[in-house]
Amino acid sequence: MKRVYMDANATTPLLPEVMEAMRPYWMECFGNASSIHLDGQRAHAALERARATMAEFFNCHDAEVVFNSGGTEGDNTAIFGLLHPGDHFITTSIEHSAVLRAADRVAQRGPQLGVATTFVAPQSCGLISPADILRAIRPETRLISVMLANNETGVLQPVEEIGKIAADTGVFFHIDAVQGAGKIKIDTRRFGCHLCSISAHKMHGPKGVGAMFVRRGTPIEPLLVGGSHERRQRAGTENVPGIVGLAKAAELAMHSLEDGTIDRLAKLRDRLEAGVLQISGTGVNGGSAPRAANTTNIWFDQVEGEALVISMDLKGVAVSGGSACHSGATEPSHVLMAMGLDKTRARASLRFSLLKTATEADVDYVLKVVPEAVEHLRAISPVAAGTAG
Ligand code: PLP
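We now turn to the structure provided with this report. Position labels on residues start from 1 in each chain and follow its written sequence. Local features in this predicted model are restricted to residues whose pLDDT is 70 or higher, and side-chain atom pairs enter the listing and the counts only when it is 80 or higher, whereas totals over whole chains, interfaces and linings include all residues. Excluding hydrogens and water, the side-chain figures rest on all heavy atoms present in the structure.

### Comments concerning the sheet that holds strand E8 (residues 210-214)
Strands were regarded as paired on the criterion that DSSP finds at least two bridges between them. Helix and strand definitions here come from DSSP, where helices need a minimum of 4 consecutive H or I residues and strands a minimum of 2 consecutive E residues; each element is numbered from the N-terminal end. The strand order across the open sheet built from 7 strands is E2-E8-E7-E6-E5-E3-E4, with neighbouring strands paired in mixed fashion. Looking at the sheet topology across the chains shown, the edges are occupied by strand E2 (65-68) and strand E4 (116-120). Going from strand to strand, the sheet's axes swing by 20° on average, the running direction of each strand aside. Two strands pair when backbone bridges link them, and strand E6 (residues 172-176) and strand E7 (residues 195-199) are joined in this way by 3 bridges, in the parallel orientation. Each residue of the ladder has a partner; that of His 174, found in E7, is Leu 195. Lying on the sheet, helix H3 (residues 38-58) is in contact with E2, E7 and E8; it crosses E2 at an angle near 115°. Here an axis means a line fitted to C-alpha atoms, over the contact stretch when the element is a helix, while the angle between two N-to-C directions is reported on a 0 to 180 degree scale. Two residues form a contact once any of their heavy atoms are found within 4.5 Å.

See below:
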């Protein structure tokens with residue numbers, strides 16, 4: 001059976017060029033980048049070449065790039081590394097759990113030791129208002145953390161305006177750019193941030209590796225201590241093959257922004273969206289806001305989202321739903337709920353996120369499968385028949 005993967009915001013496959021770039025660093029050039037012999041020097045040279053590529057990717061200096069294990073580590077480092085007891089932290093209620101759970105943990109250190117956090121809610125279109133961020137600032141505010149692109153809706157946040165507010169008020173600014181990387185240009189200078197986290201596996205690189213931009217002079221405590229790797233900002237022997245793969249993926253991502261690939265992707269996404277919206281009782285979550293080119297999040301009346309995900313999977317299409325499993329219970333998406341959707345509509349929402357290698361044929365196939373699946377589920381739905389609330 002044909003399979004179409006439309007869950008790129010969960011993860012992406014390696015591009016062949018990325019695989020090829022990594023290949024020598026598993027077995028031939030396996031040295032420890034800290035060793036002084038030739039094997040070590042080769043690994044070290046690869047690491048520094050990758051750092052130069054990432055500096056171009058972030059538009060920063062080489063010394064401002066810190067390699068790590070990915071988005072979760074970057075988000076945790078920003079929060080645990082900058083916040084002290086008594087500080088105030090501003091983030092949003094639509095962040096990834098890597099930010100939200102870290103915020104919970106700094107708050108839980110107790111009334112005196114804790115960090116008070118303000119979670120700014122989005123507007124119904126999914127956008128965070130910079131004015132709401134400004135209003136939340138207090139004299140003791142030390143850090144603002146706002147994502148670049150939301151993982152569920154793709155909505156792009158006004159980080160540049162928030163960066164200006166952070167500069168004017170003397171507050172540190174972290175951007176979780178995990179879902180923006182590869183979809184829009186990551187320009188840390190233009191964004192005005194002090195910290196910016198990205199992850200390789202969301203842009204056709206390997207899993208478990210990422211990088212963080214740390215603006216020179218930002219007083220961040222490392223999360224991991226040990227050896228003096230990464231200018232003492234992140235201890236642990238560098239994952240050289242992974243880092244080489246990250247840099248290759250970043251290089252390809254930069255090309256894709258310029259060679260029309262991302263514009264083509266936006267057109268494919270728009271065609272998919274327009275096709276799905278032909279089905280009655282549907283709408284786009286965050287559709288009126290600027291969005292990452294590959295993402296659309298659509299609600300379907302009288303359908304249980306999870307059932308639709310399974311039904312589409314059985315027909316060969318991978319997408320994800322507007323709910324997440326927490327401690328065995330299915331909870332509606334916190335992002336969609338924060339945008340004001342009720343639980344039923346949040347649960348009845350699906351995220352389609354296209355790989356940059358997606359084709360017209362992929363979209364055609366999905367546009368064949370979705371209406372059939374929706375029609376079938378509505379036909380057997382007690383909600384549609386009006387027998388259950
Ligand atoms: N931040 C966002 C917005 C994400 O979508 C994700 C992954 O889904 C992460 C952080 C975590 O990244 P990683 O999987 O590299 O830990």
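### Thoughts on the pairing of strand E5 (residues 141-147)
Within E5, 7 of the 7 residues are buried, which leaves the element mostly enclosed by the surrounding structure. Strand direction decides the pairing type here: strand E3 (residues 88-92) and E5, joined by 3 bridges, are parallel. Paired with Ile 90 across the strands is Ile 144, a residue of E5. Pairing between E5 and E6: 5 bridges, direction parallel. Along E6, the bridge assignment pairs Met 147 with Asp 176. Each residue is placed in one exposure class: buried if its accessible area under a 1.4 Å probe, protein chains only, is under 20% of its type's maximum, exposed if it is over 50%, and partly exposed if it falls in between.

### Some points on the packing of aromatic side chains
Ring pairs are drawn from Phe, Tyr and Trp, using the six-membered ring of Trp, whenever the two centres fall within 6.5 Å, and their geometry is named by plane angle: stacked under 30 degrees, edge-to-face over 60, tilted for the rest. Considering all chains together, one arrives at 2 aromatic pairs under this definition. Seen in terms of ring centroids, Phe 57 and Phe 58 are 5.9 Å apart; in terms of plane orientation they differ by 75°. Their pairing is edge-to-face. Residue Phe 58 is classed as buried on the basis of its relative accessible area of 0%. Considering the side-chain rings of Phe 58 and Phe 213, the 6.3 Å spacing of their centres and the 45° angle between planes classify their relative orientation as tilted. With Phe 58 in helix H3 and Phe 213 in strand E8, this pair connects stretches of sequence that are 155 residues apart. Among the aromatic residues, ring-to-ring pairing joins Phe 57, Phe 58 and Phe 213 into one connected group. Over the face of the ring belonging to Tyr 365 we find Lys 2, whose NZ or CZ atom lies 5.9 Å from the ring centre. Cation placement over rings: the criterion is NZ of Lys or CZ of Arg within 6 Å of the ring centroid and within 35° of the ring normal. Between the NZ or CZ atom of Arg 345 and the centre of the ring of Trp 299, over which it lies, the distance is 3.3 Å.

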